[in-house]
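# Secondary and tertiary structure notes
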Amino acid sequence: DQVVGIAYEAKITPVDIFDGDNENYGWLALKDQSEFAVTNHSWGFTGAFIINPLNASEANYYLSGFASAAAKGRGGLGTIENVAAGNYRQNGLSTETNGLTTDRHVIVVGATDNHGAVSYYSNPGASLLVVAPSSGNTGGVVTDDITGAPGYSAGDYTDTFGGTSAATPQVTGITADILQANPNLGWRDVQDILAITARHT
């Protein structure tokens, strides 16, 4: 069997923001987002207000790449930037507590469970734009895995991937499909299309 993704003909460039030799590698990669049509951010911070857009140094160092990509990506139409909402609902955190998920240039993505209800962990918030299927109390998303034992499972696929980190790539694939259908859409246009075509959960 073979898994076929939502945007299965897309070209992908993975960026290892956690294990690089240079501790600034991930932040430098954020500043180069404008080189891509669509980006996926299935990562985040566990604490509230760690990245605060009101802090000038953090806004410049951590968050400036999002605004720059919206202004310069795709020849000025803007990179489509998808960000996971976070998995700390049960801890009282929301999308309003993180500079990454309050940035107007990004699409903030929450998660639903296998029954279509909001996943128990998915952060709520006013900046949340859409949700996509992910894990809940049971089950997870089927996706390809690292070959062999080092991954989530012993095989090449897993059915236990979850969190808003699993929901966000699905929206990323959908935004790539939207651009394939009409590459002249701006980043705001793509956000509007997602909002207009979404169903209330």
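Throughout what follows, the structure given in this document is the object of discussion. Positions within a chain are numbered from 1, following the residues in the order the chain's sequence is written. Where totals are concerned, whole chains, interfaces and linings use all residues; where local detail is concerned, this predicted model gives features only for residues with pLDDT of at least 70, and gives and counts side-chain atom pairs only at 80 or more. Calculation of side-chain values draws on the structure's entire complement of heavy atoms; hydrogens and water are dropped beforehand.

### Section: the overall build of the chain
The following threshold applies: Going along the chain from the N terminus, every DSSP run of H or I of four or more residues is numbered as a helix, and every run of E of two or more is numbered as a strand. Each radius of gyration is computed over the set of C-alpha atoms, and the globule rule expresses the reference value as 2.2 Å times the number of residues to the power 0.38. When a residue's accessible area, from a 1.4 Å probe over protein chains only, is under 20% of the maximum for its type it is buried; when over 50% it is exposed; and in between it is partly exposed. Note on contacts: a residue pair is in contact if any heavy atoms of the two residues lie within 4.5 Å. A positive count includes Lys and Arg, and a negative count includes Asp and Glu. His and the chain ends are not counted in either. Where a charge sits is defined by one atom per residue type, namely NZ (Lys), CZ (Arg), CG (Asp) or CD (Glu).
On a plain count of helices and strands, the chain comes out with four helices and six strands. Each helix and strand of the chain, placed in order from N terminus to C terminus, yields the pattern α-β-α-β-β-β-β-β-α-α. Its C-alpha atoms give the chain a radius of gyration of 17 Å, near enough to 17 Å, the size a compact globule of 201 residues would have. Overall, the chain is about 45 × 40 × 40 Å in size when its C-alpha atoms are taken along their principal axes. Relative to its 201 residues, the chain shows a buried fraction of 39%. Excluding contacts between residues fewer than 6 apart, the proportion of contacts in the chain whose partners are at least 24 apart in sequence is 62%. Averaging the coordinates of the 8 positive side-chain charges in the chain and doing the same for the 20 negative ones gives two points 12 Å apart.

### Quick word on unusual backbone geometry
In this structure, Arg74 is a non-glycine residue whose phi angle is positive, near 50°. As for its placement among the helices and strands, Arg74 is situated in the loop between helix H2 (56–72) and strand S2 (80–84).

### Let's talk about the packing of helix H3 (residues 164–181) against helix H4 (residues 187–197)
Worth spelling out the cut-off: Under this scheme, a helix contributes an axis fitted over its contacting stretch, all axes are lines through C-alpha atoms, and angles between N-to-C directions fall in the 0 to 180 degree range. Working rule for handedness: look at the near helix, and if it is turned counterclockwise from the far one by less than a right angle, call the crossing left-handed; if clockwise, right-handed. Residues are grouped as follows: Ala, Val, Leu, Ile, Met, Phe, Trp, Tyr, Cys and Pro are nonpolar; Asp, Glu, Lys and Arg are charged; all remaining types, including Gly, are polar.
H4 packs onto H3 with a crossing angle of 115° between their chain directions and a minimal axis gap of 11 Å. In terms of crossing hand, the pair formed by H3 and H4 is right-handed. Of the residues in H4, those in contact with Val171, Ile174, Thr175, Ile178 and Leu179 of H3 are Val190, Ile193 and Leu194. Of the residues assigned to the contact of H3 with H4, the class counts are seven nonpolar, one polar and no charged.

### As for the nonpolar core
Going by this rule: Buried Ala, Val, Leu, Ile, Met, Phe, Trp, Tyr and Cys residues that are joined via side-chain atoms within 4.5 Å together make up what is termed a nonpolar core.
Ranked by internal contacts, the top residues of the largest apolar core, which has 16 residues, are Ile80, Ile107, Val109, Val130, Val171, Val190 and Leu194. Of all the secondary structure elements, the ones that give two or more residues to this core are strand S3 (106–112), strand S4 (128–133), H3 and H4. Aside from chain neighbours lying at most four places away, what touches Val130 is Ile107, Val108, Val109, Gly110, Val171, Leu194 and Ala198. Among the nonpolar cores identified, the runner-up in size contains 11 residues, and Trp27, Leu30, Ala85 and Val106 belong to it.

### With respect to the packing of aromatic side chains
Using the following cut-off: A pair of Phe, Tyr and Trp rings is counted when the ring centres sit within 6.5 Å of each other, with Trp represented by its six-membered ring. The angle between the planes then sorts it: under 30 degrees is stacked, over 60 is edge-to-face, the rest tilted.
According to the stated counting rule, one finds one aromatic pair in the structure shown. Ring geometry for Tyr120 against Tyr121: centres 5.0 Å apart, planes inclined by 85°, an arrangement best described as edge-to-face. Its relative accessible area of 45% is what places Tyr120 among the partly exposed residues. A relative accessible area of 5% places Tyr121 in the buried class.

### Considering the environment of Thr143
When you line up the elements, Thr143 lands in strand S5 (residues 141–144). Its relative accessible area of 21% is what places Thr143 among the partly exposed residues. Excluding residues that lie within four positions of it along the chain, Thr143 makes contacts with Tyr157, Thr158 and Phe161.

### Re the environment of Leu194
Mapped onto the secondary structure, Leu194 falls in helix H4. Judged by its relative accessible area of 9%, Leu194 is buried. Counting along the chain gives 79 residues from Leu194 to His115, while the straight-line C-alpha distance between them is 21 Å. If sequence neighbours within four positions are ignored, Leu194 has contacts with Ile107, Leu129, Val130, Val171, Ile174, Thr175 and Ile178.

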